[in-house]
Amino acid sequence: MTSIKFNGKDYSVSKGITILAASFETQKLAQEPMQIRIPTLYYLKGIQDVDESGVCVVEVNGELVNASTTRVKEGMDILTKSEKVVAARKEALAKILAQHNKACLYCMRSTSCELQDLLHEYEFTEEPTLPMKDIEELDLSSRVLVRDNNKCIKCKRCINVCAKMQAVSAIAATGEGLDTVIAPASPKGLAAASCVNCGQCVAVCPVGALTEKDQTEEVKAALADPEKYVVVQVAPAVRAALGEDFEFPIGVDVEGRIADALKQLGFDKVFDTKFGADLTIMEEANELIDRMKNEGVLPLITSCCPGWIKYAEHFYPDMLDHISSCKSPHQMQGAVVKSYFAEKCGIPKEKIVTVSVMPCTAKKFEHLRNDENGAGVPDVDIVITTNELAKMIREAEIQFEAMNPKTLFDDPLGEGSGAGVIFGATGGVMEAALRTAVETLTGKSMDNLDFTDVRGMNGIKEASYDVNGTTLKVAACSGLANANALLTRIKNGEADYQFVEIMACPGGCVNGGGQPHQNGFTRALVNVPGLRAEALYDNDKNSKNRRSHDNHSVKKLYEEFLTEPGSAKAHELLHTTYVIR
């Protein structure tokens, strides 16, 4: 440990760390006399470790130093709020603000903007607007994302997350400092780059330079149309994060409140995508067993994540036959709504509008893909993110915290198992599938349904199970850079698996690009995706049914409509195809 002073008080911190890291340590130790907070704007743990914004400065022995690059030394006396420090931070913010489009009222990230928070803290008011001659056109080429360079503060978080975590490099930078130009790798815009729509750039952007395309007005128009029957479904990961937009602590499950709020918004039916997740397991487990028994292409790789699918189409076209033909859960559920549900209720499928609330920006691309229209009409018509749902709730003046936490989703497509809920965490699809596949292969009910080897936030997790004398080797992976490493091992014959789960977003859907934004300070102190995942595992643990194949509504769907997993009807509605890009 090293003894230092922060603002005249003594602290003991880990040897050799930066001053910024030392300030984080004071936040974690309750016995410290004061908890020191040094502002950051560019810094993001594991993504951008150096903060060159100019706000991450402190005073040491009369000199200003960068807290993210200067390491602690024995006896160092550090001032974090001296007049010199405050003046330097204000000067840095003023330079950034001079190039920033200050249309905060109309920005999707207003109130969850890291720059806005600092401007409030340092009392910036009535700053001049950016001249019209300096305003660049928005990049609207993507079906999914909006890129607004007028709000970019040159932090390079997006570049680093796209290159380091996702191995895509769809965004690049030229120049230095505030003269840096950040733009897609293709001059034709983001859509022409190899972007996989995962939205991790949106998740890490400290301002509103990168956002999802807002489709809330389309939802409102459908709800206002008396000719339309509007059905909404909610993905598992949404319940573990939406509360954050309404000041609930990170990792609080707000499942019932979501169902209540959606009913207040006026949807005709409010369904839970965990039904679609259970249906996906029935089809995917059947596909795995069939490939294992009949010498099919192995490993079978999951298909629930559209960011991963597009990545494979770009970078691993020779492995597309390894990917399950199953649609993702919300697409399956949409297809069932437009066929089975429509027939049972006597509603013309053309009059039904299906809306999916997803933690994921890539779902906005997925529902527009070819072969996602099992009933002859689009399975899903509109996709909104967790953030967009929060916006709709606020605009409708619904008091989310007053919603009934015990409200249930509607039948028949609202029933789901605990296995369906854990789809939202990395390893969850694998675990849910193993529960069904193992019990199907052995014909026995397992006492312990927890496959803990594939849980956790580690990038790649491996496990091996003995199933009736057959060794089943599996791997679960999140983050596309990790997927790249894993697939390279498989192609080189260095790894032998029968079943592989891949999620594009690090940590899985709980960390999707459409989830509520958490700033760099919070991410440095808290495992945000880990806490959200914990909420899903608690939900599973407390569920009456924890097996997809025991879902009564799914069983009834097969008995009345699909006959059995893998049937011709099931393939027509629930399976899809891929393309080489």
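In what follows, the structure referred to is the one given above.
This structure is a prediction, so every number in the text was calculated from the model and none was measured. (Residues numbered from 1 in each chain as written. Predicted model: local features only at pLDDT ≥ 70, side-chain atom pairs only at ≥ 80, totals over all residues. Heavy atoms only, no water.)

1. As for the overall build of the protein
Helix and strand counts for the protein come out as 19 helices and 17 strands. Structurally, the protein occupies a C-alpha span of about 75 × 55 × 45 Å along its principal axes. Here the protein holds 581 residues, and the buried ones make up 59% of them. Here the analysis covers contacts within the protein between residues at least 6 apart in sequence; of these, 73% occur between residues at least 24 apart. Just so you have it, the protein exposes about 23,500 Å², and 49% of that area is on carbon and sulfur atoms. Across the protein, 63 positive and 80 negative side-chain charges occur, with their mean positions spaced 2 Å apart. (Helix = DSSP H or I, 4+ residues; strand = E, 2+ residues; numbered from the N terminus. Buried < 20%, exposed > 50% of the residue type's maximum accessible area, 1.4 Å probe, protein only. Contact = heavy atoms within 4.5 Å. Areas by Shrake-Rupley, 256 points an atom, 1.4 Å probe, with all protein chains shown as cover. Lys, Arg positive; Asp, Glu negative; His and termini not counted. Charge placed at Lys NZ, Arg CZ, Asp CG, Glu CD.)

2. So, the pairing of strand β7 (residues 171–174)
Alignment of β7 against strand β8 (residues 181–184), held across four bridges, turns out to be antiparallel. Residue pairing in the sheet places T174 in a bridge with V181 of β8. (Pairing = 2+ DSSP bridges.)

3. What about the nonpolar core?
Within the largest apolar cluster, 87 residues are counted, with the highest numbers of intra-cluster contacts made by L115, W308 and V474. In this structure W308 touches I301, T302, I323, L480, L487, I502 and A504, once residues within four positions along its chain are discounted. Counting 34 residues, the second-largest nonpolar core is a separate cluster that includes V232, L262, F400 and F409. (Core = buried A, V, L, I, M, F, W, Y, C linked by side-chain atoms within 4.5 Å.)

4. What about the sheet that holds strand β13 (residues 352–358)?
Across the sheet, which stays open at both edges, the four strands sit in the order β11-β10-β13-β14 with parallel pairing between neighbours. Pairing within the sheet leaves two strands with one partner each, and these edge strands are β11 (269–272) and β14 (382–385). For this sheet, the mean inter-axis angle between neighbouring strands, taken without regard to orientation, is 25°. Sheet analysis places strand β10 (residues 229–234) next to β13, joined by six bridges and oriented parallel. (Axes fitted to C-alpha atoms, helices over the stretch in contact; angles between N-to-C directions.)

5. Some points on helix α17 (residues 528–541)
When the terminal C-alpha atoms of α17 are compared, their 20 Å separation across 14 residues agrees well with the 20 Å that a helix rising 1.5 Å per residue should span. Burial analysis of α17 places 10 of its 14 residues in the buried class, which makes it a mostly covered element. Elements that come into contact with the buried residues of α17 comprise α7 (255–265), α13 (418–421), α14 (428–442) and α16 (520–525). (Expected span 1.5 Å × (residues − 1).)

6. Considerations on the side chain of S303
For S303, the position within the fold is in the loop between β12 (300–301) and α9 (306–315). Residue classification places S303 among the buried positions, given a relative accessible area of 4%. There is a polar contact of 2.5 Å between the side chain of S303 and the backbone oxygen of C326. Contact partners of S303, with chain neighbours within four places excluded, come to E284, I309, I323, S324, C326, S328 and Y578. (Polar contact = N/O pair within 3.5 Å; in protein donor to acceptor, adjacent residues only side chain to side chain.)

7. Overview of the sheet that holds strand β3 (residues 57–60)
What the five strands build is an open sheet, ordered β2-β1-β5-β3-β4; its pairing is mixed. The open sheet has two free edges, formed respectively by β2 (9–13) and β4 (63–66), since each of these has just one partner strand. The sheet shows a mean angle of 40° between the axes of neighbouring strands, direction not considered. Relative to β4, β3 is paired through four bridges, and the arrangement is antiparallel. Within the sheet, the bridge partner assigned to V58 lies in β4 and is V65. Helix-sheet contacts for helix α1 (residues 19–28) involve β1 (2–6), β2, β3, β4 and β5 (77–79), and the interaxial angle to β1 is about 85°. Contacts from helix α2 (residues 83–98) reach β3, β4 and β5 within the one sheet, and its direction differs from that of β3 by about 155°.

8. Observations regarding unusual backbone geometry
Cis rather than trans, the peptide bond between L298 and P299 has omega equal to 0°. Secondary-structure assignment places P299 in the loop between α8 (274–293) and β12. D411 connects to P412 through a cis peptide bond whose omega is 0°. As for its position among the elements, P412 is in the loop between α12 (386–395) and α13. Phi angles above zero are rare outside glycine, and N197 is one such case at about 70°. With respect to the secondary-structure elements, N197 resides in the loop between β8 and α5 (200–204). Take N197: its relative accessible area is 5%, and that puts it in the buried class. In the Ramachandran plot, E295 falls in the positive-phi region, its phi being about 55° despite a non-glycine side chain. Mapped onto the fold, E295 is located in the loop between α8 and β12.

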